[in-house]
Amino acid sequence: MKSFYQELNRGLVFLPELGIGRYPVPAARPYDESYFAKYQQLADTETGRALTQARIQLVERHYTGLVLDVGIGAGQFVDSRPETQGFDVNPAGVDWLNARGAYADLYANKWRALTMWDVLEHIDEPELAVQQATEFVFVSIPIFTDAGDILRSHHFRKNEHIWYFTDDGIKRWFADQGFGCVEQNTIECQLGRKGVASYAFQRI
C-alpha cells in the first residue's frame, strides 16, 4: 500500500462526500510577465470582452459599490468596471495595478464584495480569502462531476489548480464559510468556454 499513501501526498485526492478535490501544486508557479501577457491576448478578443461584460452584469444584478477583484488576469475587469480595485500575486499584475493606482491588499482590510474570476482554485487557503468579504463573493470556476471528469479535463492543471469542485461541493463549501448562493449560471459556457460556472454568493 506504499504507492497508495504516496499518491495521497503527491496526487489528486477527491472526496465525493464533500464534492471537493485537491492537487498539491508546487510552490513555484508560473505567475510572471509571460503569464500576464497571455491573458492580455485572451482578453483582447471578442470572447474575452463578452466574458468581461457578463461578469460585470452578474455583479450588477446583486450589488452596487466598490469591488476588489482578486487575481486580475490581465486587468480587464478592473479596467472595465468603475469602483473596482485589484489584488494579485503575480508581480506583473501588481505592477500593472500600481501604475493605475488600483492596487489594494486583500488581507489588510474587509471588503463589501470580492470578485474571483478563475481564481479560487489557485488559492492555497481560500477560506482566508473569502472571509475578507462582508457581503458578496462573485466567482467563475471550473465545475466537475467526479474525479474522472477532473482527470479528463483541460482544467486539470498540475502547476496551477489546487482545488476542484462539483456544483454541490462549491455551494456546500461557501455555506460552510457563511454564504448562500443567490445565483448560478453557465453563461461563460454559452460564450465558448467549457465546464465553467458562475456564482453569486451572499453572506448570510
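Residues numbered from 1 in each chain as written. Predicted model: local features only at pLDDT ≥ 70, side-chain atom pairs only at ≥ 80, totals over all residues. Heavy atoms only, no water.

Asker: Explain the overall build of the protein to me, please; I cannot follow it from the model alone.
Answerer: Of regular secondary structure, the protein possesses nine helices and nine strands. A globule of 204 residues ought to have a C-alpha radius of gyration of about 17 Å, and the protein, at 17 Å, matches this closely. Expressed along its principal axes, the backbone C-alpha trace of the protein runs to roughly 55 × 40 × 35 Å. Counting the 204 residues in the protein, one finds 48% classified as buried. If you take every contact in the protein between residues at least 6 apart in sequence, the share linking residues at least 24 apart comes to 58%. Within the structure as shown, the protein displays about 10,200 Å² of accessible surface, and the carbon and sulfur contribution to it stands at 51%. Each charge class in the protein was averaged separately, 20 positive and 27 negative side chains, and the resulting centres sit 4 Å apart. (Helix = DSSP H or I, 4+ residues; strand = E, 2+ residues; numbered from the N terminus. Rg over C-alpha atoms; globule rule 2.2 N^0.38 Å. Buried < 20%, exposed > 50% of the residue type's maximum accessible area, 1.4 Å probe, protein only. Contact = heavy atoms within 4.5 Å. Areas by Shrake-Rupley, 256 points an atom, 1.4 Å probe, with all protein chains shown as cover. Lys, Arg positive; Asp, Glu negative; His and termini not counted. Charge placed at Lys NZ, Arg CZ, Asp CG, Glu CD.)

Asker: What should I look at first to understand the nonpolar core in this one?
Answerer: Buried together is how nonpolar side chains tend to be arranged in soluble globular proteins. Ranked by size, the top nonpolar core spans 37 residues in total, and within it Met116, Leu120, Phe165, Ile170 and Phe174 carry the most contacts. For this core, the secondary structure elements donating two or more residues are strand 3 (67-70), strand 5 (111-117), helix 6 (126-130), strand 6 (133-142), strand 7 (163-165), helix 8 (167-176) and strand 9 (196-203). Here the element with the most residues in this core is strand 6; it accounts for four residues. Each residue touching Phe174, except ones within four places of it in the same chain, is listed here: Leu120, Val130, Val137, Val139, Phe179 and Phe201. Membership of the second largest hydrophobic core comes to 11 residues, among which are Ile56, Leu58, Ala113 and Ala200. (Core = buried A, V, L, I, M, F, W, Y, C linked by side-chain atoms within 4.5 Å.)

Asker: Which parts of the structure should I look at to understand helix 5 (residues 91-99)?
Answerer: Owing to its 3.6 residues per turn, the α-helix aligns residues three or four sequence positions apart on the same side. Within helix 5 the residues assigned to the buried category are Ala92, Gly93, Val94, Trp96 and Leu97. In this fold, the buried residues of helix 5 make contact with helix 2 (33-43), helix 4 (76-80) and strand 4 (84-87). In this structure Asn90 caps helix 5, since a side-chain oxygen of it lies 3.0 Å from the backbone nitrogen of Ala92. Looking one or two residues beyond helix 5, the residue adopting positive phi is Gly101, at roughly 65 degrees. (Polar contact = N/O pair within 3.5 Å; in protein donor to acceptor, adjacent residues only side chain to side chain.)

Asker: Please clarify how the sheet that holds strand 1 (residues 13-15) should be interpreted in this entry.
Answerer: A sheet is described by the order of its strands in space; here three strands give the open sequence 1-2-7, paired in antiparallel fashion. Edge strands, defined here as strands with exactly one partner in the open sheet, are strand 1 and strand 7. Between one strand and the next, the sheet's axes are offset by a mean angle of 15 degrees, whatever the strand orientation. As judged from the three bridges shared by strand 2 (residues 20-22) and strand 7, these two strands associate in the antiparallel manner. Pairing of Arg22 across the sheet is with Trp163, part of strand 7. Against the sheet, helix 8 engages strand 2 and strand 7, with an angle of about 110 degrees to strand 7. (Pairing = 2+ DSSP bridges. Axes fitted to C-alpha atoms, helices over the stretch in contact; angles between N-to-C directions.)

Asker: Looking at this structure, how should I read the packing of aromatic side chains?
Answerer: Geometrically, a pair of aromatic rings is defined through the distance of the ring centres and the angle of the planes. Overall, the coordinates contain 17 aromatic pairs when judged by the stated rule. Judged by centre distance (3.8 Å) and plane angle (10 degrees), the rings of Phe174 and Phe201 are stacked. Of this pair, Phe174 sits in helix 8 while Phe201 sits in strand 9, placing them 27 residues apart in sequence. Comparing Phe174 with Phe201 shows no difference in burial state: the two are buried. Each member of the aromatic cluster is reached from another via a ring pair, and the members are Phe165, Trp173, Phe174, Phe179, Tyr199 and Phe201. The ring of Trp163 has Arg22 lying over it, and the distance from NZ or CZ to the ring centre is 5.8 Å. (Phe/Tyr/Trp six-rings, centres within 6.5 Å; stacked < 30°, edge-to-face > 60°. Lys NZ or Arg CZ within 6 Å of the ring centre and 35° of its normal.)

Asker: I tried to follow the sheet that holds strand 6 on my own but got confused; where do I start?
Answerer: Note on sheets: strands pair through backbone hydrogen bonds, and any given pair is parallel or antiparallel. In spatial order, the strands read 4-3-5-6-9-8; together these six strands make up an open sheet with mixed pairing. Only two strands of the sheet have a single neighbouring strand rather than two, namely strand 4 and strand 8 (179-185). Geometrically, the sheet is characterised by an average inter-axis angle of 20 degrees between neighbouring strands, direction not taken into account. Bridge count between strand 3 and strand 4: four bridges; the pairing is parallel. Its bridge partner lying in strand 4, Val67 is registered against Thr84. In the packing of helix 3 (residues 46-60) onto the sheet, the strands contacted are strand 3, strand 5, strand 6, strand 8 and strand 9, and the crossing angle to strand 5 comes to about 150 degrees.

Remember that the coordinates give geometry; whether it matters functionally is a separate question.
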